Amino acid sequence: MTTQPDSLANDSQRPTYHFLPPANWMNDPNGVIQWQGRYHLFYQYNPNGAFWGTMHWGHAVSSDLVHWQHLPVALTPTPDGPDAMGCFSGCAVNHDGVPTLIYTGVTGKNHEIQVQCLATSDDGLMTWQKLDKPIIPAPPDGLDAPGFRDPYVWREADSWYAVVGSSIPDLGGTVFLYRSPDLIEWEYLNPLLVGDPGRDGTMWECPNFFALGDKHVLIMSPLPLRQVHYMIGTYANHRFTPEIVGKLDTRGILYAPLTTLDEQGRRLMWGWLTEERSVEAQIAAGWSGAQSVPRVLSLLPDGKLGIEPVPEIQVLREQCYHFTDLGVGVLESIRGDALEIIFEFEPGVEKCGLMLRRSPNGEEQTPIYYDPQKRQVVVDRRQSSADTPLDLLEVPFDLREGESLKLHIFLDRSVVEIFVNGRATIASRIYPSRADSLGIGVIAEGGAQIKTLDVWEMASIWT
Ligand code: DQQ
C-alpha cells in the first residue's frame, strides 16, 4: 500500500531486490508465515525515523517470495497496555484457521518489563485485535531473568509449545519451554537448554526451534556476542541435546533470523541485515536495515546445516554474462551494483576470487576471495568506500578433499550476501561513494583453475 517516497528513489546505497520498508527503520523479521498460498513478512519497524525505537510490526505480502507489497502496520504499541513501550519480536501461527501473532510487549523506562502477548486477525491478516492481558505475564517463578522475549511457537501432537529467549543469572543464555492447550493458558516446563556462557553468550534473543530431517535445530542470537548460533541435536522429554554447534554468518551483519515452514515443506529463513555506517548517516538517509534474501535450510549428509538462497529469486535475473575461459583482470563487459554472481574455481596455492564495485581508477573496490593458505573466505572492505571504509572480514572455511569452491554472491548496492558451497554464508555491507564504482574484476593467483563465472543483472523487486 505505502510506496517508497521519491526522496529515496535515487539513493545509490538503497538495495533494490532485498526487502525493506518504504522508509525509516527496520530490524528483526517477525511472524513470517505462508497463509493461503501467500507469504506474509512482518518486521520490527519504527515509523518515526531511521533509528531504533517505538517498535511496531511492519507488514508485507508476497505471492512468489520475491516481489512484495507493503501493507498497513500490523501492531502498534497500545498506550497503557502491556506493549505500551513497544511490540518486540515474535512469530505467527495458524490456530485452527485463525491467524495469530505471539510477540513480546514491553513497558518500563528501559523496556525491562517484558511479557508475551497475543493478537488475532479476522479479516485475512490485514488488521489485528490484541488480547488486553499478556498470555505469559512474567518469567518462571523464582527466576530473576534479565530479558524475557521473542516467543517462538509450534504445534506438537498434543499441544502448543513455545520457547522464550532469556538468561539464567550465573548460568548462561537459555530458552524457557512452555506448553499450552489453546495459546492462552501457558504452563512452564523447564529450560529447553542452558548454553555455555563462554561460547554462547549470556542472553539469547530470537530463538527458533524446529525439526529438520531426523534432527532438531535451535537457532538463537546470543548477547553480548551479536552473532547467530545454531545447534543441531536431539529433542526428547522436553530437553534438547546439541550434537553439532555452529555459527551463521560468522562476523557478518545478519542478526535475529526467523524461520518458517512453507506449504512445500521447506524451512525458510530471513535475517535482519544490519547497517555498518554511523547512526547519523542512517538518520540522514531516511532508512535503515534490509532483510536477507530468503534462504532454505536443510540437513546435509554429514549432519551439518545446508543454506541456499530460494530458487524463486532467479526470476529477477535479466542480462546474463557467462564465461568459461577467463584471465585475471577487469571484465570490461560488465558493470553493475545489482548483480547475482556464481563463480566456481579450483583454488591453487594463492588467492582466487572477484573484485566488486571497482571504480575505473581502482580507488574504490571490494575484493572477495578464498585464501587457501589461511583457509578463509575474505571480504576486504578496506577500500570499499572512500568515505566509509570498513574492515577485513575473514571467515574460516574448510574445503573437503577434491572439492572446488563456489561463491554465490548477491550484490545489491550496499548489501553483499555470499553463499559458500551451500554450507556457509557471509552477509556484509559496503558503501561505495563514487557513482562509477561499478566494475568487476577477477583475482586468480598461484595456479587457481577457473571453471565458470556467471553474472546476471538483477531486476528490482518493486517494479
Ligand atoms: N530486537 C527486538 C527484540 C529482540 C531484538 C527489539 C533482537 O525483541 O530481542 O527490536 O534484535
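I will try to describe carefully the structure that is included in this document. (Residues numbered from 1 in each chain as written. Predicted model: local features only at pLDDT ≥ 70, side-chain atom pairs only at ≥ 80, totals over all residues. Heavy atoms only, no water.)

### A few points about the pattern of salt bridges
Here comes step 1: Applying the stated rule across the entire model yields 23 salt bridges.
Here comes step 2: Where Lys215 meets Glu243, a salt bridge forms, and the shortest distance between an N and an O atom there is 2.9 Å. Taken as a pair, Lys215 in strand β14 (residues 215-223) and Glu243 in strand β16 (residues 239-248) lie far apart in primary sequence, 28 residues in all.
Here comes step 3: Given a relative accessible area of 45%, Glu243 falls into the partly exposed group.
Here comes step 4: In this structure, Arg429 engages Glu275 in a salt bridge whose closest nitrogen and oxygen atoms are separated by 2.9 Å. One end of the pair, Arg429, is in strand β32 (residues 424-429); the other, Glu275, is in the loop between β18 (267-273) and α2 (279-285), and 154 residues separate them in sequence.
Here comes step 5: You can call Arg429 buried: its relative accessible area is 0%.
Here comes step 6: You can call Glu275 buried: its relative accessible area is 12%. (Salt bridge = Lys/Arg side-chain N within 4 Å of Asp/Glu carboxyl O. Helix = DSSP H or I, 4+ residues; strand = E, 2+ residues; numbered from the N terminus. Buried < 20%, exposed > 50% of the residue type's maximum accessible area, 1.4 Å probe, protein only.)

### Some words on the sheet that holds strand β9 (residues 149-155)
Here comes step 1: Across the sheet, which stays open at both edges, the four strands sit in the order β9-β10-β11-β12 with antiparallel pairing between neighbours. In this open sheet, the two strands that pair with only one neighbour each are β9 and β12 (187-194). Going from strand to strand, the sheet's axes swing by 30° on average, the running direction of each strand aside. (Pairing = 2+ DSSP bridges. Axes fitted to C-alpha atoms, helices over the stretch in contact; angles between N-to-C directions.)

### Here's the deal with a nonpolar patch on the surface
Here comes step 1: Where nonpolar side chains cluster on the molecular surface, the patch consists of Phe51, Val279 and Ile283 and spans about 260 Å² of accessible area.
Here comes step 2: Note on placement: Phe51 falls in the loop between β2 (38-46) and β3 (56-62). (Patch = residues over 30% accessible without salt bridge, like charges linked within 9 Å, V, L, I, M, F, W, Y side chains within 5 Å. Areas by Shrake-Rupley, 256 points an atom, 1.4 Å probe, with all protein chains shown as cover.)

### Some details on the side chain of Gln291
Here comes step 1: Checked against the element boundaries, Gln291 lands in strand β20 (residues 290-291).
Here comes step 2: A residue is classified by how much of its surface remains accessible, and Gln291, at 0% relative accessible area, is buried.
Here comes step 3: Looking at Gln291, its side chain comes within polar contact range of the main-chain oxygen of Asn27, at 3.0 Å.
Here comes step 4: Excluding residues within four positions of it along the chain, Gln291 makes contact with His18, Phe19, Met26, Asn27, Asp28, Pro29, Leu41, Tyr43, Trp270, Gly271, Trp272 and Leu273. (Polar contact = N/O pair within 3.5 Å; in protein donor to acceptor, adjacent residues only side chain to side chain. Contact = heavy atoms within 4.5 Å.)

### Focus on the site of the ligand
Here comes step 1: In the vicinity of the ligand lie 14 residues, with Asp28, Gln44, Arg149, Asp150 and Glu205 positioned nearest.
Here comes step 2: Within the side chain of Asp28, an N or O atom sits 2.8 Å from a nitrogen atom of the ligand.
Here comes step 3: Here an oxygen atom of the ligand sits 3.1 Å away from a polar atom, N or O, in the main chain of Ser89.
Here comes step 4: Protein chains bury 95% of the 310 Å² of accessible surface belonging to the ligand in isolation.
Here comes step 5: Those elements that provide at least two residues to the shell around the ligand are β1 (24-35), β5 (86-95), β9, β13 (203-212) and β17 (254-261). (Near = heavy atom within 4 Å.)

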